[in-house]
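One-letter residues, chain by chain:
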Amino acid sequence: MIEQNVLDQLAVFGRQYFQLVDPSQLKWLEGSILKKADVQSWIFSYLFDADNISTLPPDRYRLRVLKALISKLEKAIDDPEEDPPCHEDDQLLSAFYCSGIALDLNIRNASPSNSTESPNTHTHTHFTDPCMYYEQEISDDLMTALSSLLGANVLSESESAQQKAYVTYAYPRHATSESSPQDYSVTLLESRSVISSSGTTGLRTWEAALLLGQFLCSDLGDALVRGKKVFELGAGTGMLSILCAKHLGVSGIVATDGDEAVVDAIKTNIFLNEIDASRTTVNTAALRWGWPLNANTFSEDYGMDAPDVLLGADVTYDQVAIPALVSSMREFFELKPALQVLVAATIRNEQTFQTFLNACKRNRFTMEQIEFAPVPEQIQDGPFYPASTPIQIWRITRVHTTEDAFAF
């Protein structure tokens, strides 16, 4: 049985792996833990078993991780300093051994000629000290997985980066046992390049969306969307919409984007996540910011009545598009005066974001920055994103008034 603290470490490692975090940035477990048979078994079963995992990372990525893993295992097995301290029984055995007294114990004879090797393992046996009278093995399953990838026609790193890949973003709910993880996870087919070959940035998930997802999974965020009708602008991969539909109990959600190809990709991602349509209505639509909304046909156009919550993540990066974005927000407030808008923004350019805030002020929106800071990278346990650039979440509402908007 794997100890809970080790399971916690494995869970973080697994979340990084399925999010395709660069192998050099993975939070590797110590060698003395990695080389344990049950830990290696967990790693294969949950991360590399191609027969039972349908949304594996790309071959090139798995090959890089497996090479690093096998290297660490070999070093841990061959390095006596990686071995755990002797137990009291081992120390007693060592005393008898050093005094030349033979003990009839249920261990393998230290002589290499009498050693046997399991057919399913690659074995290293230490003979220099009774404290090392156990076999250290590299899992045959892991070795077979590595051999299979080495023999395959794996794309180069640059070619692989241009392909769409399965990426899973996991919001920890803290597993209570080895076989029942409780993460809120969303699996997407997305492009890892910053800008896709079609010229859009909507085929990958950006850090502002990941932080907004963390907020929505918090008690405060959950209360804002659970049981509500939600509408997402600039949905990109659809991660937030899928998270809300799959895990956060919204009554209905519409994921929109201005690019038809991106909307088609969202449909694919919704299908991947097997959302229960009997519990949550999930729709997609193309919506160009700034275009008027028709209150009489809204339900027919989007398959849902006017929303209670409007979401937008990383939608303020283009100064030219901000007037159209704010115009669409105003249209939604006309449909639903009690609407709440949640906007998450990575502040890459303070002037650009200030343009957005100023436009909101001119439209007499009420703005409140939510105190929900990004988690420092070194202590993130999922999802994983760069935190060096500020990311802010704002709640925007509008107080209904009959005052003349053009009065001085």
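Everything that follows concerns the structure shown earlier in this document.
Residues numbered from 1 in each chain as written. Predicted model: local features only at pLDDT ≥ 70, side-chain atom pairs only at ≥ 80, totals over all residues. Heavy atoms only, no water.

Student: Describe in detail helix 10 (residues 239-247), supporting the description with residues and values.
Tutor: Counting buried residues along helix 10, eight of its nine residues qualify, which places the element largely inside the surrounding structure. Residue Gly249 follows helix 10 closely and has a positive phi angle near 65°. (Buried < 20%, exposed > 50% of the residue type's maximum accessible area, 1.4 Å probe, protein only. Helix = DSSP H or I, 4+ residues; strand = E, 2+ residues; numbered from the N terminus.)

Student: If you had to explain the packing of helix 1 (residues 4-18) against helix 3 (residues 37-48) to someone new, which residues and values would you point to?
Tutor: The relative placement of two packed helices is expressed as an angle between their axes plus a distance between the axes. Contact geometry of helix 1 with helix 3 gives a least axis separation of 11 Å together with a crossing angle of 30°. Taken together, helix 1 and helix 3 sit at an angle that is classed as roughly parallel. Read as a crossing pair, helix 1 and helix 3 show a hand that is right-handed. Along the contact surface, helix 1 presents Val6, Leu7, Leu10, Ala11, Phe13, Gly14, Tyr17 and Phe18, while helix 3 presents Val39, Trp42, Ile43, Tyr46, Leu47 and Phe48. Split by residue class, the contact of helix 1 with helix 3 holds 13 nonpolar, one polar and no charged. (Axes fitted to C-alpha atoms, helices over the stretch in contact; angles between N-to-C directions. Parallel < 35°, antiparallel > 145°, perpendicular 65-115°, else oblique. Left-handed = near helix turned anticlockwise from the far one by under 90°. Contact = heavy atoms within 4.5 Å. Nonpolar A, V, L, I, M, F, W, Y, C, P; charged D, E, K, R; others polar.)

Student: Describe empty space enclosed by the protein, and please don't skip the residues or the numbers.
Tutor: Tallying each qualifying case throughout the model produces one cavity of 30 Å³ or more. Each pocket or cavity is described by its volume, and for the largest cavity that value is around 40 Å³. For the largest cavity, the full set of lining residues is Leu233, Leu310, Leu311, Gly312, Val315, Leu325, Met329, Val341 and Val343. With three residues, the top contributor of residues to the lining of the largest cavity is strand 8 (residues 309-313). Within the lining of the largest cavity, the residues separate by chemical class into eight nonpolar, one polar and no charged. (1 Å grid on protein atoms, 1.4 Å probe; cavity = no way out; pocket = protein on both sides within 12 Å on 5 of 7 lines; lining within 4 Å. Points joined across faces, edges and corners; volume = space filled by probe spheres on them.)

Student: Got a sec to walk through the packing of aromatic side chains? Specific residues and values, please.
Tutor: Tallying each qualifying case throughout the model produces 14 aromatic pairs. Centroid distance Phe231 to Phe298: 5.9 Å. Interplanar angle 40°. Geometry classified as tilted. Here the residue Phe231 occupies a position in strand 5 (residues 229-233), and Phe298 occupies one in helix 12 (residues 298-302), the gap between them amounting to 67 residues. Summarising the burial analysis for this pair, Phe231 and Phe298 share the class buried. Pairing Phe353 with Trp394 gives two aromatic rings, centres 6.2 Å apart and planes at 50°, and the pair type is tilted. Of the two residues, Phe353 is situated in helix 14 (residues 350-362) and Trp394 in strand 11 (residues 391-397); the sequence distance between them amounts to 41 residues. Accessibility classification places Phe353 together with Trp394 in one group, the buried group. Through a chain of ring-to-ring contacts, the aromatic side chains of Tyr17, Phe18, Phe48 and Tyr61 assemble into a single cluster. Seen from the ring of Tyr184, Arg173 lies directly overhead, with NZ or CZ sitting 4.5 Å from the centre. (Phe/Tyr/Trp six-rings, centres within 6.5 Å; stacked < 30°, edge-to-face > 60°. Lys NZ or Arg CZ within 6 Å of the ring centre and 35° of its normal.)

Student: Provide a residue-level description of the environment of Ile396, including the pertinent values.
Tutor: Within the fold, Ile396 resides in strand 11. When its relative accessible area of 0% is taken as the criterion, Ile396 is described as buried. The spatial distance from the C-alpha of Ile396 to the C-alpha of Leu339 is 8.6 Å, given a sequence separation of 57 residues. Residues in contact with Ile396, not counting those within four places in the same chain, are Met329, Phe333, Leu339, Gln340, Val341, Val343, Phe356, Cys360, Phe365, Thr366 and Met367.

Student: Tell me about the side chain of Gln19, and please be specific about residues and values.
Tutor: By the secondary structure assignment, Gln19 is in the loop between helix 1 and helix 2 (31-34). Look at Gln19 and you get buried, because its relative accessible area is 11%. For Gln19, the residues in contact, after removing those within four places along its chain, are Val167, Thr168, Tyr169, Leu210, Pro383 and Phe384.

Student: Residues and numbers for the sheet that holds strand 5, please.
Tutor: Two orientations exist for strands paired in a sheet by backbone hydrogen bonds: parallel and antiparallel. Overall, mixed pairing links the seven strands, which are arranged 7-6-5-8-9-11-10 in an open sheet. Every interior strand has two partners, whereas the edge strands, strand 7 (281-286) and strand 10 (366-370), have only one. Across the sheet, the mean angle from the axis of one strand to that of its neighbour is 20°, orientation sign disregarded. Bridge count between strand 9 (residues 340-346) and strand 11: six bridges; the pairing is antiparallel. Looking at the pairing, Val341 lines up with Ile396 of strand 11. (Pairing = 2+ DSSP bridges.)

Student: If you had to explain helix 8 (residues 207-217) to someone new, which residues and values would you point to?
Tutor: Extensive coverage of helix 8 is indicated by the burial of eleven of its eleven residues. Here helix 8 has its buried residues at Glu207, Ala208, Ala209, Leu210, Leu211, Leu212, Gly213, Gln214, Phe215, Leu216 and Cys217.

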